[in-house]
Amino acid sequence: PASSGRSPPPKAPSLPRRQPPHTPDELQFAKRTLQKLVQDSHFFPVHDKNNRVQTIRESEIDFGSVLGKGGFCEVRSASLKYSMLG
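What counts, and at which threshold
- Residues numbered from 1 in each chain as written.
- Predicted model: local features only at pLDDT ≥ 70, side-chain atom pairs only at ≥ 80, totals over all residues.
- Heavy atoms only, no water.
- Helix = DSSP H or I, 4+ residues; strand = E, 2+ residues; numbered from the N terminus.
- Buried < 20%, exposed > 50% of the residue type's maximum accessible area, 1.4 Å probe, protein only.
- Contact = heavy atoms within 4.5 Å.
- Areas by Shrake-Rupley, 256 points an atom, 1.4 Å probe, with all protein chains shown as cover.
- Expected span 1.5 Å × (residues − 1).
- Polar contact = N/O pair within 3.5 Å; in protein donor to acceptor, adjacent residues only side chain to side chain.
- Salt bridge = Lys/Arg side-chain N within 4 Å of Asp/Glu carboxyl O.
- pLDDT = per-residue confidence, 0-100.

Draft legend 1. Fine view of the overall build of the protein chain. Helix and strand content of the protein chain: one helix and two strands. Helices (α) and strands (β) of the protein chain occur, in sequence order from the N terminus, as α-β-β. A total of 86 residues make up the protein chain; the buried ones form 6% of that total. Within the protein chain, residue pairs in contact and separated by at least 24 positions form 22% of the contacts whose partners lie at least 6 positions apart. Accessible surface computed for the protein chain: about 8400 Å², of which carbon and sulfur atoms make up 57%.

Draft legend 2. Structural view of helix H1 (residues 24–38). In this model H1 runs 21 Å from its N-terminal to its C-terminal C-alpha over 15 residues, within 8% of the 21 Å that 1.5 Å per residue would give. Positive backbone phi, approximately 55°, marks Asp-40, located one or two places after H1.

Draft legend 3. Layout of the environment of Ile-56. Mapped onto the fold, Ile-56 is located in the loop between H1 and strand S1 (61–69). With a relative accessible area of 41%, Ile-56 lands in the partly exposed category. Taking C-alpha positions, Ile-56 is 8.7 Å from Leu-80, a pair spaced 24 residues apart along the chain.

Draft legend 4. How the structure looks around the side chain of Arg-76. The residue Arg-76 is located in strand S2 (residues 74–80) in this model. Among the residues examined, Arg-76 registers a relative accessible area of 14% and is labelled buried. A polar contact of 2.7 Å, which involves the side chain of Arg-76, links it to the backbone oxygen of Gly-64. For Arg-76, the side chain forms a polar contact with the side chain of Glu-74, separated by 3.1 Å.

Draft legend 5. Region of the structure containing the pattern of salt bridges. Scanning the entire structure with this criterion turns up two salt bridges. In this structure, the salt-bridge partner of Glu-74 is Lys-69, at a minimum N-O distance of 3.9 Å. With a relative accessible area of 37%, Glu-74 lands in the partly exposed category. A relative accessible area of 66% means that Lys-69 is categorised as exposed. Close ionic contact of Arg-76 with Glu-74 constitutes a salt bridge, the shortest N to O distance being 3.1 Å.

Draft legend 6. Just the confidence of the model for the protein chain, in detail. Confidence in the prediction for the protein chain averages 76 pLDDT; 73% of positions are at 70 or higher. Per-element confidence in the protein chain is highest for S1, whose mean pLDDT is 88, and lowest for H1, whose mean pLDDT is 83.

Structure, rendered in structure tokens:
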């Protein structure tokens, strides 16, 4: 059939692909790694004497538009659905 000359409607932004949950060992390793990064750091603010790092869940994030794509990743704008300060 002949083309109607119309361009297809723009695609709605897709959400990131859901990843499988991490194992408890992977989560502990990540926690230890982050704690070590913030120790004596001038870049990462210290929240308490144990260098605890706050965590957020995927459900607490508003995913925005795609900012760029690479060979193995996609970078999106993102923001928290609520303030973690109060």
